[in-house]
Amino acid sequence: MRTEVTDMKIAFIGFGGVGQALVQMIGDTKNTLLEEVGMEIDIVAVSDMMKGAVYDPNGLDGTLLLDTIARHKDLMYYPDTAHTVKGMDSFETIKHSNADMIVEVTYTDVVTGQPAIDHCRLAFENGKSVVTTNKGPVAMAYKELKALAERNTLFWGFEGTVMSGTPALRLPFTTLTGNTITEINGILNGTTNYMITEMERGLSYEEALKTAQARGYAEADPTSDVAGYDARYKAVILANVILKHHITAEEVECTGIEDITASMVKEAVSNDKRWRLIATLKRHETGVKASVGPKLLDKDHPLATITGATNAIVYNCDLAGPIMLTGAGAGLTETAYSLLIDLINGYKSVYHQASQKVVHEHADTSTD
C-alpha cells in the first residue's frame, strides 16, 4: 500500500447518465484506488443545465448526490451545509470552485463543439485539468487545447471519445510505442454495426433501426449514427491524436448506411461477404486521407467478424503488423470507466510532477 495519499478534487460539468455512473464507480472503487494508486477522489461540485448545481469546497457526498437526483431530479434539494453554494453555472463552477480536475460530460454538439470547447479552454486558463468524453473539443479544437494544457502543465484526458471504455487512444502510446502506424481501420459506431448484423438475421433496415432504438443504441433522431457523422468525428480524433496530422470533419469523405438494404445484406451473406461501416485512415506523402463508409468484406476479415453493438479498430504497424482491439463502444458503465482511467492517469501525471518538483527543490536547497 502506498503511504502517500493525495486527494484529487473534481467538478462535474454535466450530470447525465455517464456522470452519475462515474459517481457510483468512484464510490465502489474507493478502497482499491487508495490501496493501489494512493488516490482519493473528492467530488466538490456538480453543475448541470437541467439538474441545477451544488458546490461545497469541503466535498459532496456521492450517495447523497445520486439520491437527490433519483428523488427530486434537481440538485437544489441536496442537503445544505455551512459551505454549500447552489446555482453556479458551468463557467462559474470551472472558474470559482476549488476543483483540480474538471469532468466535462455535457451534451456533444458535433457541429460547433460548444459549449465543451469553451469549458475546456476556461479550465486550462484557470489551472484546472480536464477529462471528457465529449468529441467536440478533440475533433474541432485539438491543437489549440492541447497547446494550452501543455503550456499550463495540465492533464487532458479524452479516452472515451472514440471507443468508450476500450482504450483505443491509449494503446498506441503504451503497448505499441516505437511503431509507426501507417493505416487505421475501424468499426467505430456500435449502432450501425448492430443494425447491419440484425439485418443479417433477416430484419429490414426499418426493423433494425426500431430494434436499435428500443434497446437504447439509437436516438429518436438516429442521423448522427446512420449517416456516419459519429464515426467521421472519431476518424478526425484518430488523425489528430494518433497519426498527429490535423484534419477537419469536412475533409473526411462520409457515407452512412441509409442505402444498405436487406437484399444487399442477404446477397452479401450468400456470397460469404459482410457489410460493415468502416472508418479508414491512411498516411500518404502529404498527410492523411480519411473516409467513412460501408465496405463489403470477406466473411473471414477480422472486422467482418465483429457483430452487434461492439466496436473494433485495427492499427497497421510497421513493426508489429496489424493489431486489432475490440470492445464495447458505448454504455454508461463503459464510458464512465473511460473517465475513471483518465482520472487515474491524470492523478499519476500530476503526482509525478509534484514529486519531481519536491525532489528538485530539495536538491536545490541541500548543502554538502
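Quick note: structure is the one above.
If you're wondering where the values come from, they're calculated on a predicted model, not measured in any experiment.

K.L.:
I'd like to hear about the packing of helix α5 (residues 116-125) against helix α7 (residues 142-151), residue by residue, with values.
P.N.:
At a minimum axis separation of 9 Å, α5 and α7 run at an interaxial angle of 20°. Relative to α7, α5 is oriented roughly parallel. You can see that α5 and α7 cross each other, and the crossing is left-handed. Listed contacts from α7 to I117, C120, R121, F124 and E125 of α5 are E144, L145, L148 and A149. Across the contact of α5 with α7, the residue classes tally to six nonpolar, no polar and three charged.

K.L.:
So what about the sheet that holds strand β13 (residues 321-328)? Which residues, and what values?
P.N.:
Taken in spatial order, the six strands make up an open sheet running β9-β11-β10-β8-β12-β13, and their pairing is mixed. Taken across any chain shown, the strands that pair with only one partner, and hence form the sheet edges, are β9 (253-254) and β13. Two elements, strand β10 (residues 273-284) and strand β11 (residues 287-298), share twelve bridges in a ladder whose sense is antiparallel. Within the sheet, the bridge partner assigned to R274 lies in β11 and is L297.

K.L.:
How would you sum up the nonpolar core? Please name residues and give values.
P.N.:
Core analysis: the largest hydrophobic core is formed by 73 residues, its most contacted members being W156, L238 and Y315. In terms of residue count, helix α12 (residues 229-241) provides more of this core than any other element does, eight residues in total. A21, L22, L33 and I41 belong to the second-largest nonpolar core, a separate cluster that totals 34 residues.

K.L.:
I'd like to hear about the environment of T223, residue by residue, with values.
P.N.:
Mapped onto the fold, T223 is located in helix α11 (residues 223-226). For T223 and E258, which are 35 residues apart along the polypeptide, the C-alpha to C-alpha distance reads 9.4 Å. Not counting residues up to four positions away in its chain, the partners in contact with T223 are G228 and Y229. At 2.6 Å, the side chain of T223 and the side chain of D221 are in polar contact.

K.L.:
Can you break down the packing of aromatic side chains residue by residue, with the values?
P.N.:
The final tally for this structure, using the stated rule, is six aromatic pairs. Measuring from ring centre to ring centre gives 4.8 Å for Y194 and Y217, while their planes differ by 65°; the resulting arrangement is edge-to-face. Linking Y194 in helix α9 (residues 190-200) with Y217 in the loop between α10 (205-214) and α11, this pair joins segments that are 23 residues apart in sequence. By relative accessible area, Y217 is classed as partly exposed at 32%. Put simply, the rings of F124, Y142, W156 and F158 touch in pairs and so form one group of aromatic residues.

K.L.:
Explain the sheet that holds strand β3 (residues 52-55) residue by residue, including any values.
P.N.:
Taken together, the seven strands give an open sheet; going across it, the order is β4-β3-β2-β1-β5-β6-β7, and neighbouring strands pair in mixed fashion. One side of each edge strand has no neighbouring strand; the edge strands of this open sheet are β4 (85-86) and β7 (156-157). Along the sheet, helix α1 (residues 17-28) makes contact with β1 (6-13), β2 (39-48) and β5 (101-104), crossing β1 at roughly 160°.

K.L.:
Can you lay out the pattern of salt bridges for me, pointing to particular residues and giving the numbers?
P.N.:
Under the defined criterion, the tally for this structure stands at 15 salt bridges. The partner of E40 in a salt bridge is K30, with the nearest N and O atoms 3.8 Å apart. Highlighted residues: E40 in strand β2 and K30 in helix α2 (residues 30-36), separated in sequence by ten residues. Residue classification places E40 among the partly exposed positions, given a relative accessible area of 22%. Among the residues examined, K30 registers a relative accessible area of 43% and is labelled partly exposed. Taking the shortest distance from any N to any O, the salt bridge between R170 and E159 comes out at 4.0 Å. A residue pair is termed long-range when its members are at least 10 positions apart, and R170 in the loop between α8 (160-163) and β8 (181-187) and E159 in the loop between β7 and α8 qualify at eleven residues. Residue R170 is classed as partly exposed on the basis of its relative accessible area of 27%. According to the relative accessible area criterion, E159 is buried, its value standing at 5%. A single network of salt bridges, built from pairs that share partners, joins D118, R121 and E144.

K.L.:
Now, about unusual backbone geometry: what can you tell me, with residues and values included?
P.N.:
Following Q114, the chain continues to P115 via a peptide bond in cis, the omega torsion being 5°. Looking at the element boundaries, P115 is found in the loop between β5 and α5. Despite not being glycine, K73 shows a phi value in the positive range, around 65°. By secondary structure assignment, the location of K73 is in the loop between α3 (62-72) and β4. Backbone geometry places D272, a non-glycine residue, at a positive phi of 60°. Tracing the backbone shows D272 in the loop between α13 (262-270) and β10.

K.L.:
Please set out the pairing of strand β12 (residues 310-317) residue by residue, giving values where relevant.
P.N.:
Side chains on a regular strand alternate between the two faces of the sheet. Of all eight residues in β12, six are buried; the element is thus mostly enclosed. Inspection of the sheet shows β8 paired to β12 by six bridges, in the antiparallel sense. Bridge pairing links I187 to A312 in β12. Here eight bridges tie β12 to β13, and the two strands are oriented antiparallel to one another. Across the sheet, V314 pairs through a bridge with M324, a residue of β13.

The rules we used
- Residues numbered from 1 in each chain as written.
- Predicted model: local features only at pLDDT ≥ 70, side-chain atom pairs only at ≥ 80, totals over all residues.
- Heavy atoms only, no water.
- Axes fitted to C-alpha atoms, helices over the stretch in contact; angles between N-to-C directions.
- Helix = DSSP H or I, 4+ residues; strand = E, 2+ residues; numbered from the N terminus.
- Parallel < 35°, antiparallel > 145°, perpendicular 65-115°, else oblique.
- Left-handed = near helix turned anticlockwise from the far one by under 90°.
- Contact = heavy atoms within 4.5 Å.
- Nonpolar A, V, L, I, M, F, W, Y, C, P; charged D, E, K, R; others polar.
- Pairing = 2+ DSSP bridges.
- Core = buried A, V, L, I, M, F, W, Y, C linked by side-chain atoms within 4.5 Å.
- Buried < 20%, exposed > 50% of the residue type's maximum accessible area, 1.4 Å probe, protein only.
- Polar contact = N/O pair within 3.5 Å; in protein donor to acceptor, adjacent residues only side chain to side chain.
- Phe/Tyr/Trp six-rings, centres within 6.5 Å; stacked < 30°, edge-to-face > 60°.
- Salt bridge = Lys/Arg side-chain N within 4 Å of Asp/Glu carboxyl O.

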